[in-house]
Amino acid sequence: MSVRVRFAPSPTGPLHIGGARTALFNYLFARAHSGVFVLRIDDTDKERSTKAFEDDILDSMRWLGIDWDEGPDSSGDFAPYRQSEREERHRDAALRLLAEEKAFYDDEKVLRLRYPIGEVVVRDMVCGDCVFNMQSLGQEPALLRSNGTPTYHIASVLDDVEMNITHIIRGQDHLTNTAKHQVLFEALSGKVPTFAHLPLILGEDGSKMSKRNTEGLTTVTEFRDAGYLSEALINFLSLLGWSHPEELETLSREELLRSFDLGRVNQTAAKFEFQKLDFLNGWWIRNLPVEHVAREARAFVDDYSDLIDERGPEFWESVVDGLRGKLTRLSDMAAFGPLLFSLTPDIADDAREHFSEGDAHAGFLSVAKRWCELLAEVPLEGDRDCYTVEQFKKMTKILKKELDVDAKTVFQGLRVLVTGSLSGPDLQVLASSIQRSVLQERARSVVAAFSS
RNA sequence: GUCCCCAUCGUCUAGCCUGGUCCAGGACACCGCCCUUUCACGGCGGCGACGGGGGUUCAAAUCCCCCUGGGGACGCCA
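This structure is a prediction, so every number in the text was calculated from the model and none was measured.

Visitor: Lay out the domain arrangement of chain A in plain terms, naming residues and giving numbers.
Guide: Its domain assignment divides chain A into domain 1 (4–202) and domain 2 (342–451). On a C-alpha basis, the centroid separation for the pair domain 1 and domain 2 is 64 Å.

Next up, the structure:
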């Protein structure tokens, strides 16, 4: 029988990063086995489920590139894929169990599963055999609430049966549920799917990747808005609890599809560390095709949208290509907006201090004077409004040759005249991306600041 | 508290199933050096772990037991 797996989030919140990892592993497992990946919306909790959250979950998965074969938005042989639309089946199944004396009503009019006496063994692809004494598992799981509506337990198991789910891949926090569900599977169909419980992802403090972590990011949307690429997130998530057979670390979606193997999933909970995610994000920013990164980066320089559009598409790509070496998150791009377009750069304190007195001050002023002259003298090429990298190089050479100032002062001075700061991205890239008129205006502004 | 799961560098991990090639390998972070007229990138090197105790064995990170530590589950939530 061919592999069928499902990811079954409940739309009571946006897609959490931990849920994304579960979805990813299901997706990779399905693809690795040429199987089917089902997205099912487990919205049995009507009070807390919303369409907005469902939309967020679908959008997040699309953004991550985790696509599904059957789901609420597509027709499939097992539709509907929203549990709220399958309520009758769930209720009927629960009542059938009651008729067969496999369930019973408690004093509160809640229908509960009847436990067998003794032990249940869960055979798990990751954890091995886990033995549970059913009597130690606490209260029997509720199947129908006192108001007659089905609960997660009956809905989930019945749907897994009806949708021919062969493998259930979910977090280890479901392990005790699985013992109960296994009883339900046997009662409902006599067949039990294969289970794989993934190790949990812990927050940096070591416990539960819960509401808040050090960076305040928990949902996929939040990570996206913070400037992470889906490629980096997928890469990072894949390495939490799993490792590549050749220990490769930077893994593309294609490589993951090629090499994923549930057998290599470990059983140890992993802490979510931003340092590694940041490293991978920077790596992907540097290694993905420029067009792709340029496109993704646009969202983070929204304030300069018009100015960027005015300069044409090639401008933006060349800027991103020149500057991406310095990026960790796409949101870092925001800082480059003013660097590219502002007419009056803020002057950094250390820059002001560095050139405020003595020889440094004198040297700086002579660089500034000559720089202003060059900006007036050196013509632009063709119909360009910026100097080329070569022209800028030539101009710095002139400064170095003509002035009785050491090279360091020339370059640092130039950097301050162009950016107002002593450090920043490659000056050649930057200077050749800034319009001459802006360069002139800035030089004037900086000189004025240093003269007063 | 009860039950379940887990335990290798600060972190993610390889190795463990099929004991010896492991005085434990990689990656992130950190620290040096190189590259560089800044910062990054890149290159090279360094620091750094088998939780403890018993077994089994000629031999244990690898197998068994106990302890300790960590995590999870115990809802008319999913």
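Resuming the write-up.
Visitor: Now, about a negative patch on the surface: what can you tell me, with residues and values included?
Guide: A surface patch of like charges, here negative, comprises D349, D350, E353 and E357. Within the secondary structure, E357 sits in the loop between α14 (349–354) and α15 (358–377).

Visitor: Outline unusual backbone geometry, listing residues and values.
Guide: P80 follows A79 through a cis peptide bond whose omega is -5°. Summarising the element assignment, P80 is placed in the loop between α2 (51–64) and α3 (87–99). Positive phi is not limited to glycine here, since N164 has a value of about 55°. Here N164 lies in the loop between α4 (152–162) and β8 (167–171).

Visitor: Which residues make up a positive patch on the surface, and what are the values?
Guide: A cluster of basic residues, K393, K394, K397, K400 and K401, forms a positive patch on the protein surface. Looking at the element boundaries, K401 is found in helix α16 (residues 389–402). Exposure remark for K401: the relative accessible area of 74% places this residue in the exposed category.

Visitor: So what about the protein's contact with RNA strand B? Which residues, and what values?
Guide: With respect to spatial proximity, 57 residues lie near RNA strand B, and among them R145, T176, E247, K326 and F411 are the closest. Counting only atoms of RNA strand B within 4 Å of the protein, the fraction found in sugar and phosphate groups is 71%. The side chain of D45 places a nitrogen or oxygen atom 3.0 Å from a sugar or linking oxygen of RNA strand B. A distance of 3.0 Å is found between a sugar or linking oxygen of RNA strand B and a backbone nitrogen or oxygen belonging to G325. For the surface near RNA strand B, the elements supplying multiple residues, two or more each, are β6 (128–133), α4, α5 (175–188), β11 (270–271), α9 (274–287) and α17 (407–419). For the surface near RNA strand B, the element with the highest residue contribution is α9, accounting for 4 residues.

Parameters at a glance
Every chain's residues receive numbers from 1 upward, in the order its sequence appears when written. Following the order in which they are written, the chains are lettered starting with A and the ligands numbered starting with 1. Per-residue local features are limited, in this predicted model, to residues with pLDDT of at least 70; the limit for side-chain atom pairs, both in listing and counting, is 80 or more; totals at the level of whole chains, interfaces and linings are taken over all residues. To get the side-chain values, take all heavy atoms of the structure and skip hydrogens and water. In this document the domain limits rely on a domain assignment from an automatic tool or a database. Like-charged residues within 9 Å of one another, or nonpolar side chains (Val, Leu, Ile, Met, Phe, Trp, Tyr) within 5 Å, are grouped into patches, provided each residue has over 30% relative accessible area and no salt bridge. Exposure was quantified through the Shrake-Rupley algorithm and a 1.4 Å probe, taking into account, for residues, occlusion by the shown protein chains and nothing else. Criterion for a salt bridge: a side-chain nitrogen of Lys or Arg within 4 Å of a carboxyl oxygen of Asp or Glu. Only four residue types enter the charge count, namely Lys and Arg as positive and Asp and Glu as negative; His and the chain termini do not. Where a charge lies is defined by one atom per residue type: Lys uses NZ, Arg uses CZ, Asp uses CG and Glu uses CD. Counting from the N terminus, the helices are DSSP H or I runs at least four residues long and the strands are E runs at least two residues long. Relative accessibility thresholds used throughout: buried, under 20% of the residue-type maximum; exposed, over 50%; partly exposed, between the two (1.4 Å probe, protein chains only). A single heavy atom is enough: if one lies within 4 Å of a molecule or strand, its residue is considered near that molecule or strand. Contacts described as polar in this section are N or O atom pairs within 3.5 Å, which, within protein, must combine one atom able to donate a hydrogen with one able to accept it, while residues neighboring in sequence count only if both atoms come from side chains.

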